[in-house]
Amino acid sequence: MSAEVMIEVEDLVKHYPVRGEQRPVQAVDGVSFSVERGHTLGIVGESGCGKSTTARLLTRLEQPTSGRVLIGGDDVAAASGRELAALRRRIQLVFQDPHSALNPRMSVADTLGEVLRVHRLARTRAAVQARVVELLDLVGMTRTFLDRYPHEMSGGQRQRIGVARALAVEPEVLVLDEPLSALDISVQAEVMNLLVHLRDELALTYVFISHDLSMVHYLADEVAVMYLGRIVELAPADVLAGSSRHPYTAALRDAVPVADPSTEAGRLPAPLPGDVPDPADPPQGCRFHPRCPIAEAACAETDPALVRLAERHLGACLVAQREAGVPPSGVGQGR
């Protein structure tokens, strides 16, 4: 029996108009993917690639320019009123910075209790407090934190409260937008292990967004690599770790530090030349070709589509497509 698809994104586009400019910023430009129930999709890429915009579109914090986001078959982008409120309970966002995501004037009890009262998930004061204690226990915290304020907690503790707040409405999907990047290295592993435990215990579906390929590989079943608003490679995490086909993915992988100090000392990964191009004026042809170490003449002319290179392995690279025996594609994405 085939697995149930929990999230389905179809040709998602988000363009931001710029005053005085004819060309909009192409933050997300034709992204498509699906996530099975109980699985994790990792989205990785440099700052400005569109991954955080994708997170806001999934949770309907922003309205897409075009395309569809389906949660359990229901279209988030087309929903309104009570239907939208119900869908938002099914998919929750955990923010990058736990300090700015929490109200500094609200205690932990107030922060979590407010969610329960707004969504009418607990009717009495006693029921609210009992559920708040349950949520704290769920994220590995005790009731001694009930009266604490954000400034009285560490970054890891604040992020656990952020996760508890998202779980308060009993969602089916969590979108985690760089949830570890603002934390100390010493607590990142603890929060990562908590996320794995919660996913397995509560049968949650995750979209985990990060710029760190090693973290994504640890948590994700599949990984989508984004560059300048598009997915350039999509494959199972173990496949991508050992045999990535896109040169941008290879550059991200080579930038991950090696745990062995002696190996790392003699390792000098070549940095990508140049900066990420202006998303309001992307390069002609392949968007990555100005920085690509293996670019050919055709790469400056042809905009590659995301096509199948092997079983469950998609890539948007003319060179990789030729090496895989796939006819080079030039239909582009989001066009």
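Bear in mind that the values here come from a model prediction, so they are computed numbers and not experimental data. As a convention, each chain's residues are numbered from 1 in the sequence order in which they are written. In keeping with the predicted nature of the model, local features appear solely for residues at pLDDT of at least 70, side-chain atom pairs appear and are counted solely at 80 or more, and the whole-chain, interface and lining totals rest on all residues. Side-chain calculation: all heavy atoms of the structure are included, whereas hydrogens and water are not.

A. Spatial organisation of helix α7 (residues 185-202). Each helix corresponds to a stretch of at least 4 residues labelled H or I by DSSP, and each strand to a stretch of at least 2 residues labelled E; elements are numbered beginning at the N terminus. By definition here, a helix of n residues has an expected span of 1.5 Å times n minus one. In a regular helix each residue adds 1.5 Å, so 18 residues correspond to 26 Å; α7 covers 26 Å between its end C-alpha atoms and thus fits that length. All of the buried residues in α7 are Q188, V191, M192, L194, L195, V196, L198 and R199. One or two positions beyond α7, positive phi appears at A203, with a value near 55 degrees. Per-residue accessibility, obtained with a 1.4 Å probe over protein chains only, is compared with the maximum for each type, and a residue is labelled buried under 20%, exposed over 50%, and partly exposed between these values.

B. Broad picture of the packing of aromatic side chains. For this analysis, a ring pair means two rings from Phe, Tyr or Trp (six-membered ring only for Trp) whose centres lie within 6.5 Å, classed as stacked if their planes differ by under 30 degrees, edge-to-face if by over 60, and tilted for the remaining angles. Within the structure shown, the criterion is met by three aromatic pairs. Of the aromatic side chains, those joined through ring pairs into one cluster are Y227, Y248 and F288. The criterion is that NZ of a Lys, or CZ of an Arg, lies within 6 Å of the ring centre and within 35 degrees of the ring normal, and then a charge sits over that ring. Positioned above the aromatic ring of F145 is the side chain of R148, whose terminal nitrogen or guanidinium carbon lies 4.2 Å from the ring centre.

C. A look at the environment of R105. Within the fold, R105 resides in the loop between α3 (98-101) and α4 (108-118). Among the residues examined, R105 registers a relative accessible area of 74% and is labelled exposed. In this structure the C-alpha to C-alpha distance between R105 and P327, which are 222 residues apart in sequence, comes to 59 Å.

D. Representation of α4 within the structure. What α4 keeps buried is the set V108, T111, L112, G113, V115 and L116. Turning to α4, the residues buried within the fold contact α5 (125-138) and α6 (155-167). Residue R120 follows α4 closely and has a positive phi angle near 55 degrees. In what follows, a contact means two residues having at least one pair of non-hydrogen atoms within 4.5 Å.

E. Quick look at the sheet that holds strand β2 (residues 25-36). At least two DSSP bridges between two strands are needed for those strands to be called paired. Ordered by their spatial adjacency, four strands build an open sheet running β2-β1-β4-β5, and the pairing between neighbours is antiparallel. Both outer strands of the open sheet, β2 and β5 (74-75), are each paired with one neighbouring strand and no more. In terms of strand pairing, strand β1 (residues 5-16) meets strand β4 (residues 66-71) through five bridges, oriented antiparallel. When the sheet's bridge partners are listed, V9 is paired in β4 with V69. Packed onto the sheet, helix α1 (residues 51-58) meets β1, β2 and β4 and runs at close to 120 degrees relative to β1. Helix axes use the C-alpha atoms of the stretch in contact, all axes being lines fitted to C-alpha atoms, and the angles between their N-to-C directions lie in the range 0 to 180 degrees.

F. Region of interest: the sheet that holds strand β7 (residues 173-177). Across the sheet, eight strands lie side by side as β6-β7-β8-β3-β9-β10-β12-β11; this open sheet has mixed pairing. Pairing within the sheet leaves two strands with one partner each, and these edge strands are β6 (91-94) and β11 (307-310). Across the sheet, the axes of successive neighbouring strands diverge by a mean angle of 20 degrees, strand direction being ignored. Helix α10 (residues 247-254) contacts β3 (40-44), β9 (222-227) and β10 (230-236) of the sheet and is inclined by roughly 105 degrees relative to β9.

G. Here's a closer look at unusual backbone geometry. One non-glycine residue, D11, adopts positive backbone phi at about 50 degrees. Structurally, the position occupied by D11 is in strand β1. On the basis of relative accessible area, D11 is assigned to the partly exposed category, the value being 37%. Of note in the backbone geometry, A203 takes a positive phi value of approximately 55 degrees without being a glycine. Looking at the element boundaries, A203 is found in the loop between α7 and β8 (205-210).

H. Highlighting the packing of α5 against α6. Look at α5 against α6: their axes get within 9 Å of each other, and the N-to-C directions meet at 125 degrees. Here α5 is positioned oblique relative to α6, judged by the angle of their axes. Read as a crossing pair, α5 and α6 show a hand that is right-handed. Judged by residue contacts, R131, L135, L136 and L138 of α5 engage I161, A164 and L167 from α6. For the contact of α5 with α6, a count of residues per class yields six nonpolar, no polar and one charged. Orientation labels follow simple angle bins: below 35 degrees gives roughly parallel, above 145 gives roughly antiparallel, 65 to 115 gives roughly perpendicular, and whatever is left gives oblique. The sense of a crossing depends on the near helix, which, turned anticlockwise from the far helix by less than a right angle, makes the crossing left-handed and, turned clockwise, makes it right-handed. Put simply, Ala, Val, Leu, Ile, Met, Phe, Trp, Tyr, Cys and Pro go in the nonpolar bin, Asp, Glu, Lys and Arg in the charged bin, and everything else, Gly too, in the polar bin.

I. Layout of the state of the cysteines. Cysteine sulfur atoms are paired as a disulfide whenever they fall within 2.5 Å. Per the stated rule, a full pass over the model turns up zero disulfides. Its sulfur unpaired, C286 is 6.0 Å from the next cysteine sulfur, which belongs to C299. Residue class for C286 comes out buried when judged on its relative accessible area of 12%. For C292, which is in no disulfide, the shortest distance to another cysteine sulfur is to C317 and amounts to 6.1 Å.

J. Seen up close, the packing of α4 against α5. Direction vectors running N to C along α4 and α5 enclose 115 degrees, while the axes themselves pass 9 Å from each other. In terms of their interaxial angle, α4 and α5 are classed as roughly perpendicular. Along this stretch, α4 crosses α5, giving a crossing that reads as right-handed. Contacts between α4 and α5 pair V108, A109, L112, G113, L116 and R117 from the former with V128, R131, V132, L135 and L136 from the latter. The residue makeup of the contact of α4 with α5, split by class, is eight nonpolar, one polar and two charged.

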